[in-house]
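# Survey of secondary and tertiary structure
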Amino acid sequence: MIEMIPAIDLIGGKCVRLTKGDYGTQKIYNEDPVAQAKEFEKLGFKRLHVVDLDGAKSKHIVNDAVLRAITDNTSLIVDFGGGIKTAEDIEKAFNAGATMVTLGSIAVTNPQLCEEWITKYGADKIVLGADVRNGKISINGWKEDSEEELIPFLKKYIEMGVKNVLCTEISKDGTLEGPAIELYKQIMAEYPHIHLIASGGVGCNDDITNLDRAGIPAVVFGKAYYEGKIQIDEITN
């Protein structure tokens, strides 16, 4: 069964969602992220994906206090991303209780530093964030497109030992129009041993079932849950 990972995206300490990464589309779903995390834990989830959207935009961690509150008040395994650019940022994330950190922009702009972190913390503590738009990796809160193409980008980090990859198809994110299954199948065909986490576009139970049938190991979902588009008990039973 595909691993299902709920997401909490943070702006101003509140649980929000965007559409296609556009900060102008911000919608608040819960003003208390800790309560939301507890709800996910009560539903039986073991893992939570937390994104510091303020951090991604500001290029340094902003919502570490919220991360700490979540990890202090739940037993969830939390992977945390957004704004991790320096040694101080990554230490701040781990000190606030993150089990894993997601490295996105910094993996494009400073691969040498990321390789040092992989060596220091261990590949199992690192999730490679591959946020894709028009085949290229986007950075800095999806405000900029890099020249990095997806498959060579993945190859570089997989050769460093990374096995956890979170791939977001930006054109799908927050649209509820279905995930980029063909893209994920392409990645899995190239690198069948990685733990690929599909992200973006989930809009109904069938989307998750179809990812599972396609052999995708894991999926992150957020808006579909908050909008009542998916029924957790039907998928998990």
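In case you missed it, the structure is sitting above this.
Residues numbered from 1 in each chain as written. Predicted model: local features only at pLDDT ≥ 70, side-chain atom pairs only at ≥ 80, totals over all residues. Heavy atoms only, no water.

As a further point, take the pairing of strand β10 (residues 164–169). Where burial is concerned, most of β10 is hidden: six out of the six residues are buried. Alternating positions in β10 separate into two faces, Asn164, Leu166 and Thr168 on one and Val165, Cys167 and Glu169 on the other, with burial throughout. The pairing of strand β7 (residues 126–133) with β10 spans six bridges and is classified as parallel. Bridge assignment links Val127 to a residue of β10, and that residue is Asn164. Each parallel crossover has a hand, and for β10 linked through helix α8 (residues 181–190) to strand β11 (residues 195–199) it is right-handed. (Buried < 20%, exposed > 50% of the residue type's maximum accessible area, 1.4 Å probe, protein only. Helix = DSSP H or I, 4+ residues; strand = E, 2+ residues; numbered from the N terminus. Pairing = 2+ DSSP bridges. Right-handed = clockwise from strand over helix to strand, strands pointing away.)

Another aspect to go through is the environment of Arg47. Here Arg47 lies in strand β4 (residues 47–52). Sequence separation between Arg47 and Glu3 is 44 residues; the distance between their C-alpha atoms is 9.1 Å. Leaving out residues up to four positions away in the same chain, Arg47 has contacts with Glu3, Ile5, Pro6, Leu76, Ile77, Asp79, Met100, Val127, His195 and Ile197. (Contact = heavy atoms within 4.5 Å.)

Among the residues of helix α7 (residues 150–158), Leu150, Ile151, Phe153, Leu154, Tyr157 and Ile158 are the ones counted as buried. One side of α7 carries all its buried residues, which in axial view fall inside an arc of 160°. (Arc of directions from axis to C-beta.)

Residues Leu154, Tyr184 and Ile187 are the most contacted members of the largest nonpolar core, which totals 71 residues. The element best represented in this core is α7, accounting for six residues. Among the nonpolar cores identified, the runner-up in size contains eight residues, and Ile5, Ala7, Met100 and Ala218 belong to it. (Core = buried A, V, L, I, M, F, W, Y, C linked by side-chain atoms within 4.5 Å.)

Moving on, we come to the side chain of Arg17. With respect to the element layout, Arg17 can be found in strand β2 (residues 14–19). When its relative accessible area of 8% is taken as the criterion, Arg17 is described as buried. In terms of polar contacts, Arg17 uses its side chain to reach the side chain of Asp9, at 2.7 Å. Not counting chain neighbours up to four residues away, the residues in contact with Arg17 comprise Ala7, Asp9, Thr25, Gln26, Lys27, Tyr29, Asp173, Gly222, Lys223 and Tyr226. (Polar contact = N/O pair within 3.5 Å; in protein donor to acceptor, adjacent residues only side chain to side chain.)

Before going further, it helps to spend a moment on the pattern of salt bridges. Scanning the entire structure with this criterion turns up 12 salt bridges. One salt bridge in this structure joins Lys156 and Glu148, with 3.0 Å as the shortest N-O distance. Residue Lys155 is joined to Glu159 by a salt bridge in which the shortest nitrogen-to-oxygen separation is 2.6 Å. Looking at Lys155, the relative accessible area reads 41%, which means it is partly exposed. The structure contains a network of salt bridges with shared partners spanning Glu3, Arg47 and Asp79. (Salt bridge = Lys/Arg side-chain N within 4 Å of Asp/Glu carboxyl O.)

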